[in-house]
Amino acid sequence: MRLVSCHIDNFGKISGLDHSFDQGTNIIHEDNGWGKSTLATFIRVMFYGFLGERTRDENENERKKYYPWQSGAYGGNIVFSVRGKTYRLERFFDAKKAASDIFRLYDNDTNLESDDYSVNIGEQLFGIDIDSFLNTVFIRQQSCGTDVTSGVKAKIGDVSDETADMGNYDDAYQKIKKTLDSLTPNRATGRISKLDSSIAILKEEIRGKDALKANLDEMERKMGELKEERSALEKKKASLQEQINTESTRNDIRVEAEKYNAIINSENAVKEKYDEKLKFFPGEVPDAEKVEDIILVSEELETVIRQRDDNSFTEDEKASYEISSNKFSSGIPSEDDIDSMEEAINDLDRAKSRENERAIRVAEDIRKNRNASVIRLTGLAVAIVLLAVAGALLIFTEDKTVPVILFVAGVLLGLIPLLFVKKIKTDPEEGSAKELIAEEEDRVEDFFERFGYGSSDASYQKRLFSLKSEKGSFKRLMDKKERYDEAERKADILRTTVKEFMSGYGFTVTENVRQSLMKIRDHAKDVKELGAELEAENKKRQRYEEEHDVSKFTGGSKEGSVSLEDLNGQLNDLIDRIEGINRSESQLKDNIGSSSEKLELIENREIELKEKEEEREALFRQFDLMSKTRDFLEKAKESFSSKYMVEILESFEKYHDMISESGEKYELDANLNIKLKDIGGTHDIRSLSEGYQDMVGLCRRMAMVDAMYDLEKPFLIFDDPFVNLDESRLKGAMDFLDRLGSTYQIIYFSCHESRCISGP
């Protein structure tokens, strides 16, 4: 069997990948992070499906782990050839559950759907389950070691397509072992051991049967004596009870009379308190809830008075308020007025600043023109001198060179003063600017004059600041006065409300209004509560009079000849004796019942003992049979495995010699476990280095694959298995990989050039 090509729409980080596979060794050399392990997993999942679908951990649940990073169709196809036919396997996966996956198989030559294999195509093609596949054909990174599964053993014995006895060996052996562990007499948890303990306990319980029967007879005799004694006491109790009833009737009349007198006295006492509280009120008694409402009004009055006092003026504030009132008699400037005036003052300051700058420029031009005049006069004087000298030399000398030079210099000096001529320009806006400044100053002065801030040496800014400050102070005083007036108005209304309420019920308003109201409220509550209590006492008396004939209480009652207390004492003694007998009888009944139950239980235990002894005998026979079955099964397994031990060991040593030239010797046991032979003994390879374990595990895998597949060889997935090998064995591993490619198609992944047969 070999892979022809694959196409991945989306799987993990891989998207839109097409790859073709050659016969022999296919090296996929890419950097870490490219997706080599993802591609290897894709090939395995296409044949066997996902692992870990029941766990929520995304690192273990492959369906979640390899969900496409970029979304899209989840899956792809693989083209492979087997037994002379070429197929195209398509699989697309649901994000959550396998039931929604899509599986299609096509004959690649005809493009028609094929039913040669089902969704379990991996097991049908390779003849092994997923665990066996991962322990042989598919070598994951850092996982060269292998376990010999029952599926591997079955495939080696070529029985997986027949009875699959070896495939079921582990399950059968574990079931037998589990049964033996549950039966064993050598462990406390074993059923036979538990039966032995139960049998011993049952025998101990049965041993006290005779003593229990004798004790039961004695208790039944005592029960008869107690019944006779109780019957005699019951007769005495009935006679005494009749005598007590006669005396009790007389006593009841006395008790009822005392109760009636107590009810009348209680009613009179409550009425006396009620009348006393009622005297407090000059007229009608107000409702306590209404008084509570007026108390709240009085509390609000006190609060309002405090607010009024908090907003009263000091002497300084009064004076300040009167002054400001006069200043702002014509109105308080608005914020817009002040903002407008502030802007006007700023504009005026800027205009004055520009006027000053213009004046400075004019003065500077005058100074510069004066200096230029001096330069011009000096230049003209020198020019005249040079021209005069040049004229004289022209007349009196024959050589004309010097006179010409002097003449040219004189002309040039005469032209220089012209360069310094600058006419001072007049500014046509000078007069209008000054007029605007004067007009604006008049407007500003008028504004300040209106509010009493005119004719001052202070700057406009300072005067405006003072005006704003005084306006703010005046505004605060006005707000304070307004709060004072509002509080005084509320206080008048609240005073009137309190006064009208108190005078309405005949009370005089005192200085401490709230305290007086609280006293009225408390008395009103007392009157209401005492009135309710008096009404209840009155009803209680009336109800008692309706239920009893109170006329018989006036005649009194005669004392009996025998004290009721003495009679009750005698009755209580009889009752105590009868109750003592009842308790003894009850205890005897309980003991008799308990002993009877125990006797019945012992008789049941005798039956149970016989059943358990029979059960133990049957279980012991079963235990013996299962022990012999286990021993026979182990021997059969060893016999089955030994047929292939020589072949697998030879194949292992062949691959080992390809990778390593160390000459180590190995031994293979019936469970196909490899052990190193050295220094006269064998050693478990798990105690060796990781690189050594990887080498041995890889060779062991290939030896089992050779034994498992005789004719149709499978492709092999190698996901960088040589990462732990040292340099001395890495060259041999590459030779091993190269030679192995002549027999198997190998898909080899690696991220490092040193672990490749040749460059990338």
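Caption draft 1: Just the overall build of the protein, in detail. Regarding its fold elements, the protein presents 18 helices and 13 strands. Considering the protein as a whole, with its 760 residues, one finds that 35% of them fall into the buried category. As displayed, the protein has an accessible area near 45500 Å², and 49% of this comes from carbon and sulfur atoms.

Caption draft 2: Examining the pairing of strand 9 (residues 665-668) more closely. Residues Y666 and L668 of strand 9 are buried on one face, while the alternating residues K665 and E667, pointing to the opposite face, are not. In terms of strand pairing, strand 9 meets strand 10 (residues 674-678) through four bridges, oriented antiparallel. Counted as the bridge partner of Y666 is L676 from strand 10.

Caption draft 3: How the structure looks around the pattern of salt bridges. Counting across every chain of the model gives 38 salt bridges. Between E317 and K480 there is a salt bridge, with its nearest N and O atoms 3.2 Å apart. Here K480 lies in helix 14 (residues 460-504) and E317 lies in helix 10 (residues 315-327), a separation of 163 residues in the sequence. On the basis of relative accessibility, which here comes to 16%, the residue K480 falls in the buried class. Linking R489 and E486 is a salt bridge whose minimum nitrogen-to-oxygen distance equals 2.4 Å. Here the residue R489 and the residue E486 both occupy positions in helix 14, the gap between them amounting to three residues, near one helical turn. What makes R489 partly exposed here is its relative accessible area of 42%. A single salt-bridge network, built from bridges that share partners, covers E53, R63 and D101.

Caption draft 4: Examining helix 7 (residues 191-206) more closely. Compared with an ideal rise of 1.5 Å per residue, which puts 16 residues at 22 Å, helix 7 spans 22 Å between its outermost C-alpha atoms and is within 8% of the ideal. For helix 7, every residue scored as buried is listed here: I192, S193, L195, I199, L202 and I206.

Caption draft 5: Molecular detail of the environment of K65. Looking at where K65 falls in the secondary structure, it is placed in helix 2 (residues 62-65). Put simply, K65 and F11 are 54 residues apart on the chain and 9.6 Å apart in space, counted from C-alpha to C-alpha. Beyond its immediate chain neighbours, meaning those up to four positions away, K65 contacts E58 and N59.

Caption draft 6: Looking closely at the packing of helix 9 (residues 288-310) against helix 14. Viewed as axis vectors pointing N to C, helix 9 and helix 14 meet at an angle of 155 degrees, and their least axial separation amounts to 8 Å. As summarised for this structure, helix 9 and helix 14 are arranged roughly antiparallel, according to the angle between their axes. Where helix 9 crosses over helix 14, the handedness of that crossing is left-handed. When helix 9 is examined against helix 14, the residues K290, V291, I294, V297, S298, E300, L301, V304, I305, Q307, R308 and D310 are found in contact with a partner set consisting of K480, Y484, A487, E488, K490, A491, L494, R495, T497, V498 and F501. In terms of residue class, the contact of helix 9 with helix 14 is made up of twelve nonpolar, three polar and eight charged.

Caption draft 7: Examining the side chain of S750 more closely. Tracing the backbone through its elements, the reader meets S750 in strand 13 (residues 746-750). For S750, a relative accessible area of 0% gives the class buried. Beyond its immediate chain neighbours, meaning those up to four positions away, S750 contacts I28, H29, E30, K36, D720, R755 and C756.

Caption draft 8: Examining a nonpolar patch on the surface more closely. A surface patch of nonpolar side chains, about 940 Å² in accessible area, is lined by L387, L394, I395, F396, V404, F407, V408, V411, L412 and L415. Breaking the nonpolar patch down by element, the ones donating at least two residues are helix 11 (335-396) and helix 12 (401-419). With six residues, the single largest contributor to the nonpolar patch is helix 12. Its location among the elements puts L415 in helix 12. Here L415 falls in the partly exposed class, since its relative accessible area comes to 45%.

Caption draft 9: Region of the structure containing the sheet that holds strand 4 (residues 75-82). The six strands are arranged 2-1-4-5-6-7 in an open sheet whose pairing can be described as antiparallel. The sheet is open, and its two borders are formed by strand 2 (14-20) and strand 7 (112-113), each paired with just one other strand. With two bridges joining them, strand 6 (residues 102-107) and strand 7 adopt antiparallel strand pairing. Looking at strand 7, one finds that Y106 is bridged to E113. The sheet contacts of helix 1 (residues 36-48) involve strand 1 (2-11), strand 2, strand 4 and strand 5 (85-92), and relative to strand 1 the element is tilted by about 105 degrees.

Analysis parameters
- All residue numbers here refer to positions counted from 1 along the written sequence of the relevant chain.
- Residues qualify for local features only when their pLDDT is at least 70, as the model is predicted, and side-chain atom pairs are given and counted only at 80 or more; totals for whole chains, interfaces and linings, by contrast, use all residues.
- In computing side-chain values, all of the structure's heavy atoms are included and hydrogens and water are not.
- Helix and strand assignments come from DSSP, with helices taken as H or I runs of at least 4 residues and strands as E runs of at least 2, each series counted from the N terminus.
- For the exposure calls, accessible area comes from a 1.4 Å probe over protein chains only, and a residue counts as buried if that area is under 20% of its type's maximum, exposed if over 50%, partly exposed in between.
- The protein chains shown are the only cover counted for residues, whose accessible areas, like all others here, come from Shrake-Rupley with a 1.4 Å probe.
- Two strands qualify as a pair provided that DSSP identifies no fewer than 2 bridges between them.
- Here, a salt bridge means any Lys or Arg side-chain nitrogen found within 4 Å of an Asp or Glu carboxyl oxygen.
- One less than the number of residues in a helix, times 1.5 Å, gives the span that helix is expected to have.
- Two residues qualify as a contact provided that any one of their heavy atoms is within 4.5 Å of a heavy atom in the partner residue.
- Helix axes are fitted to C-alpha atoms over the stretch in contact, other axes to C-alpha atoms as well, and angles between N-to-C directions run from 0 to 180 degrees.
- Here the word oblique covers every angle except those under 35 degrees (roughly parallel), over 145 (roughly antiparallel) and from 65 to 115 (roughly perpendicular).
- By convention, the crossing between two helices is left-handed when the near helix turns anticlockwise from the far helix through less than a right angle, and right-handed when the turn is clockwise.
- Residues are grouped as follows: Ala, Val, Leu, Ile, Met, Phe, Trp, Tyr, Cys and Pro are nonpolar; Asp, Glu, Lys and Arg are charged; every other residue, Gly included, is polar.
- A patch consists of residues exposed above 30% relative accessible area that lack any salt bridge, with like charges linked at up to 9 Å and nonpolar side chains (Val, Leu, Ile, Met, Phe, Trp, Tyr) linked at up to 5 Å.

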